[in-house]
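Fold and contact review
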Amino acid sequence: MYNFEFEKPSTIADAVAALGDEDAQALGGGQTLIPTLKQRLASPSALVSLSGIAEMQGVCVEDDGSVAIGGATPHAVVAREAAGSYPALAALAGQIGDPAVRNRGTIGGSVANNDPAACYPAGVLGSGATIVTNTRQIAADDFFEGMFSTALEEGEIITSVRFPVPQAASYQKFLQPASRFALVGVYVARFADGVRVAVTGASEDGVFRWSEAEQALSKEFRADALMGLSINPMNMIGDLHGSKDYRAHLVAVMTKRAVAACL
Amino acid sequence: MTQVSMTVNGKSVSGDVEGRTLLSGFLRDHLSLTGTHVGCDTAQCGACVVHVNGGAVKSCNMLAVEADGAEVGTIEGQAATDGSLNTIQQAFQDHHGLQCGFCTPGMVMSAAALLKENPRPTEAEVRKYLEGNLCRCTGYHNIVKAILAASGQDVSSIAAE
Ligand SMILES: Cc1cc2nc3c(=O)[nH]c(=O)nc-3n(C[C@H](O)[C@H](O)[C@H](O)COP(=O)(O)OP(=O)(O)OC[C@H]3O[C@@H](n4cnc5c(N)ncnc54)[C@H](O)[C@@H]3O)c2cc1C
Ligand code: FES
Ligand code: FES
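To keep things clear, this report deals only with the structure shown in the data block.

Calculation notes
- Residues numbered from 1 in each chain as written.
- Chains lettered and ligands numbered in written order.
- Predicted model: local features only at pLDDT ≥ 70, side-chain atom pairs only at ≥ 80, totals over all residues.
- Heavy atoms only, no water.
- Helix = DSSP H or I, 4+ residues; strand = E, 2+ residues; numbered from the N terminus.
- Rg over C-alpha atoms; globule rule 2.2 N^0.38 Å.
- Buried < 20%, exposed > 50% of the residue type's maximum accessible area, 1.4 Å probe, protein only.
- Contact = heavy atoms within 4.5 Å.
- Areas by Shrake-Rupley, 256 points an atom, 1.4 Å probe, with all protein chains shown as cover.
- Lys, Arg positive; Asp, Glu negative; His and termini not counted.
- Charge placed at Lys NZ, Arg CZ, Asp CG, Glu CD.
- Phe/Tyr/Trp six-rings, centres within 6.5 Å; stacked < 30°, edge-to-face > 60°.
- Lys NZ or Arg CZ within 6 Å of the ring centre and 35° of its normal.
- 1 Å grid on protein atoms, 1.4 Å probe; cavity = no way out; pocket = protein on both sides within 12 Å on 5 of 7 lines; lining within 4 Å.
- Points joined across faces, edges and corners; volume = space filled by probe spheres on them.
- Nonpolar A, V, L, I, M, F, W, Y, C, P; charged D, E, K, R; others polar.

Our focus in this paragraph is the overall build of chain B. For chain B, the helix and strand inventory stands at five helices and five strands. Ordered by position from N to C terminus, the α and β elements of chain B give β-β-α-β-β-β-α-α-α-α. In terms of overall dimensions, chain B is globule-like: its C-alpha atoms have a radius of gyration of 16 Å, near the 15 Å expected for 161 residues. Seen through its C-alpha atoms, chain B measures out along the principal axes to roughly 55 × 30 × 25 Å. A burial count over chain B gives 53% of its 161 residues as buried. Taking as baseline every contact in chain B between residues at least 6 positions apart, the subset at least 24 positions apart corresponds to 53%. Accessible surface, chain B as shown: approximately 7,200 Å² in total, 48% of it carbon and sulfur. Within chain B, one finds 10 positive and 16 negative side-chain charges whose respective centroids are separated by 5 Å.

Here's what the structure looks like:
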């Protein structure tokens, strides 16, 4: 790992100022960034830790009933504190990695990183959440721009993520047991005005919405409504853990399981 | 260099570290607390698990500067000052929960974190909690048995494997 300066501001404003320096990078829980630095795949001149910013911590329920999670909130805290207000999202957070990873890794880091096999992107896109940054609010539909790529600008930080709470929701993760990420993960959320289905782990374009399934489930919310629907394997990830066809098949299976779990 | 101060196993310590110094490196190289093992250095194996403010973390995947001001617990703080083993350590010995012992510090620290959150876990809960702790020797069976025993549950009906 190359060396870097370390800063730990206590306000969002100070963090944004520190990130204004060229080659400065935000540090969330470091669960992705530290391994990346060890491999010398990145060489920031300074790391700006977001872990000391009180206004970016914790889970709270807003006046309109939506659940807002501070951008620097660790997965373990979401698993615990969102269990009452948004149980499906809390369950997703509680399935990330292992207990030690969940004590450090944060929602902001996970969403900013947009790993194609990460869990949070499915929960965020599946819920139709809003990503709040230091400068603007971005709808989940406009945020994820393909594998490891997002709408975030240089130096922009995720200060919170706001989730509308569906009537029912479930995240079904088919575990890739070596990495602990999702081989395929599907988040189904049923709202009064329709159903959203977001898929992670499967596509070469990162997290995506399965619109045919959404339409079918919005008409009739039963696993059987998905009969005959399938995903085109062409854009699926194929690797030693699973072929394109296998992942395409798993998407349908995990979607059915998520629907069944909602009922 | 940055000065960091923290409490390690109840004792105040401080030292000058670089930004890139890992907590595992600070414990092992600066404080000579080599009980915290570095097995993979890639956040996979859990041999380096310590407690930071009461929660289990992989110390190879946390910067020492991030632990400034924290309460850190390592395997060296588990036994009593006279060297007598705590309940979890004794159960690992009684139930052959270790062979080479390399993974053991991380296993014991994870087990301690688990039992603090969940004092009487089921076998499935123990296995689930240890997902981030790899052991190349034991096949896990006796580790799980030791942790169940340490939680005060009867393990006489669980066959040794
Ligand atoms: C063993 C292991 C297993 C894992 N298993 C899973 C899993 O099953 N599912 C899963 O989803 N993930 C998994 N992860 C990844 C984990 O969830 C990470 O915590 C997460 O991807 C990154 O979050 P972080 O807070 O650690 O961010 P960091 O590693 O600190 O940062 C990642 C990136 O995000 C940027 N960043 C950080 N915070 C912000 C912010 N608030 N605003 C803008 N940019 C920011 C950083 O600059 C960096 O580019 C695993 C990791 C490990 C080590
Ligand atoms: S040495 Fe830290 S997880 Fe393996
Ligand atoms: S006892 Fe040898 S690695 Fe676990």
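Once you've had a look at it, read on.
The subject of this paragraph is the packing of aromatic side chains. All names here are of chain A. Enumeration over the complete set of coordinates arrives at four aromatic pairs over all chains. Pairing Phe 174 with Tyr 246 gives two aromatic rings, centres 6.5 Å apart and planes at 85°, and the pair type is edge-to-face. One end of the pair, Phe 174, is in strand β9 (residues 168-175); the other, Tyr 246, is in helix α10 (residues 244-262), and 72 residues separate them in sequence. The cationic tip of Arg 40 hangs over the ring face of Tyr 2; the distance from NZ or CZ to the ring centre is 4.1 Å.

One number sums up the size of the second largest pocket: a volume of about 880 Å³. Lining the second largest pocket are 35 residues, with Ala76(A), Arg80(A), Arg102(A), Asn103(A) and Gly55(B) sitting closest to its centre. The residue inventory of the lining of the second largest pocket, partitioned by class, reads 14 nonpolar, eleven polar and ten charged.

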